[in-house]
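A structural walkthrough
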Amino acid sequence: MRLLSISIGSIAPLFGSHHPNYPKVASAIHKKPVSDLDHPLPIEIARLGVIGDEQADLSVHGGLEKAIYVYPVEHYAFWNELLTRETKKPVDLPLGAFGENFTIEGLLETEVFVGDRMQLGDLEFTVVKLREPCFKFNAKMGYKGAAKAMLQSGFSGWYLRVNQTGMIAAGAQIQVIPGQRVTSIADQNKALFNRGNQKNLWD
């Protein structure tokens, strides 16, 4: 299990016909790697996340409880195939494409539980909850069914709270320290999907 890339983004207009009331909204979902395996630069992680990263809507992203968004690279093949089929154009998503700060490999939603701790070098994080997709995700992916597909697939990724700040670079090994292991991220995703009342997902 290791960290493949660290990505950040700035707040900018996000355009798309994916919300009935707004042709554009502010978002920092467009993130690009600042440290990857080819250029493993040390990056500072603070209590509120990666230094230099921004969030447009702190009610749904960011803050102490959603400081870092993690996404497994194993899901990229699913999305590349789905988006190529739906948009009729070849898609090969770059790391950071889902708005994640940490792209990782070797750890999936079925194996991660709320309350688990993740150790990366000298830094420590706590798993808080899944990522809930919204209409902004549809706009970012250029596909109105993207949020629904994230829920159906269970490929949501998860948020971390920062317990120990410091510097970290791509390539860092990940160690999971189990918590009580009552609710996995996959369990949370299944419960959210079964509620079936998510607004603005695929209108």
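Here, the structure is the one placed above.
Predicted model only: the values in this text are computed from it and were never measured. (Residues numbered from 1 in each chain as written. Predicted model: local features only at pLDDT ≥ 70, side-chain atom pairs only at ≥ 80, totals over all residues. Heavy atoms only, no water.)

1. Concerning the overall build of the protein
Quick reminder of the rule: Note on conventions: DSSP H or I runs of at least 4 residues are helices, E runs of at least 2 residues are strands, and numbering of each starts at the N terminus. When a residue's accessible area, from a 1.4 Å probe over protein chains only, is under 20% of the maximum for its type it is buried; when over 50% it is exposed; and in between it is partly exposed. When checking whether two residues touch, look at their non-hydrogen atoms; a contact exists if any pair is within 4.5 Å. Accessible surface area values rest on a Shrake-Rupley calculation with a 1.4 Å probe, where residue burial reflects the displayed protein chains alone.
What the protein contains, in helices and strands, is four helices and 13 strands. With respect to the principal axes defined by its C-alpha atoms, the protein has extents near 45 × 35 × 30 Å. Counting all 203 residues of the protein, 45% fall into the buried class. A separation of at least 24 residues holds for 78% of the contacts in the protein among residues at least 6 apart in sequence. About 9900 Å² of surface is accessible on the protein, with carbon and sulfur atoms providing 54% of the total.

2. Description of the side chain of Glu-100
Short version of the rule: The convention is simple: Lys and Arg are positive, Asp and Glu are negative, and His and the chain ends are not counted. A carboxyl oxygen of Asp or Glu within 4 Å of a side-chain nitrogen of Lys or Arg is what we treat as a salt bridge. We define a polar contact as two N or O atoms separated by no more than 3.5 Å, with the added condition that, inside protein, one atom must be a possible hydrogen donor and the other a possible acceptor, whereas residues neighbouring each other in sequence contribute only through side-chain atom pairs.
One can find Glu-100 in the loop between helix H1 (76–87) and strand S8 (102–105). Buried and without a salt bridge, Glu-100 has Arg-131 as its closest oppositely charged side chain, separated by 6.5 Å. Among the polar contacts listed, one links the side chain of Glu-100 to the side chain of Tyr-76, at a separation of 2.6 Å. At 3.2 Å, the side chain of Glu-100 forms a polar contact with the backbone nitrogen of Gly-96.

3. Remarks on the pattern of salt bridges
Taken as a whole and assessed by the stated rule, the structure comprises seven salt bridges. The shortest N-O distance in the salt bridge between Glu-105 and Arg-2 comes to 2.4 Å. Of this pair, Glu-105 sits in strand S8 while Arg-2 sits in strand S1 (residues 2–8), placing them 103 residues apart in sequence. A salt bridge links Glu-65 to Arg-161; its shortest N-O distance comes to 2.9 Å. Residue Glu-65 is located in the loop between strand S6 (49–50) and strand S7 (68–72), and its partner Arg-161 is located in strand S11 (residues 158–164); the two are separated by 96 residues in the primary sequence. Residue class for Glu-65 comes out partly exposed when judged on its relative accessible area of 40%. Classification of Arg-161 by relative accessible area gives partly exposed; the value is 28%.

4. Re the sheet that holds strand S10 (residues 123–130)
Applied cut-off: A strand pair is defined by DSSP finding two or more bridges across the two strands. As a rule, the C-alpha atoms of each element are fitted with a line to give its axis, helices using only the stretch in contact, and angles between N-to-C directions run from 0 to 180 degrees.
Here we have eight strands laid out as an open sheet, ordered S4-S1-S8-S7-S11-S10-S9-S13, and mixed in their pairing. Either end of the sheet is taken by a strand with one partner, and the two such strands are strand S4 (32–36) and strand S13 (174–177). The mean angle between the axes of side-by-side strands here comes to 35°, regardless of whether they run parallel or antiparallel. With three bridges connecting them, S7 and S11 associate as antiparallel partners. Residue pairing across strands places Ile-68 opposite Leu-160, the latter belonging to S11.

5. Examining the nonpolar core
Stated formally: The nonpolar core is taken to be a set of buried Ala, Val, Leu, Ile, Met, Phe, Trp, Tyr and Cys residues, with the residues joined through side-chain atoms within 4.5 Å.
If you look at the biggest cluster of nonpolar residues, it comprises 27 residues, and the most contacted ones within it are Ile-45, Ile-68, Phe-102, Phe-125, Trp-158 and Leu-160. Looking at this core, the elements that each hand over two or more residues are S1, strand S5 (43–46), S7, S8, strand S9 (117–120), S10, S11 and helix H4 (185–195). The dominant element in this core, judged by the number of residues it contributes, is S10, at four residues. Contact partners of Ile-68, with chain neighbours within four places excluded, come to Ile-45, Gly-49, Val-50, Asn-101, Phe-102, Phe-125, Trp-158, Tyr-159, Leu-160 and Val-162. By size, the runner-up hydrophobic cluster in this structure holds 22 residues, among which are Ala-97, Ala-139, Tyr-143 and Tyr-159.

6. Looking at the environment of Ile-185
In this structure, Ile-185 sits in helix H4. Taking relative accessible area as the criterion, Ile-185 reaches 0% and is therefore assigned buried. Once the C-alpha coordinates of Ile-185 and Val-128 are considered, the two residues, 57 residues apart in sequence, prove to be 9.0 Å apart. Ile-185 has contacts with Glu-109, Val-112, Phe-113, Val-114, Val-127, Lys-129, Leu-130, Ser-156, Gly-157 and Trp-158, leaving out every residue within four places of it along the chain.

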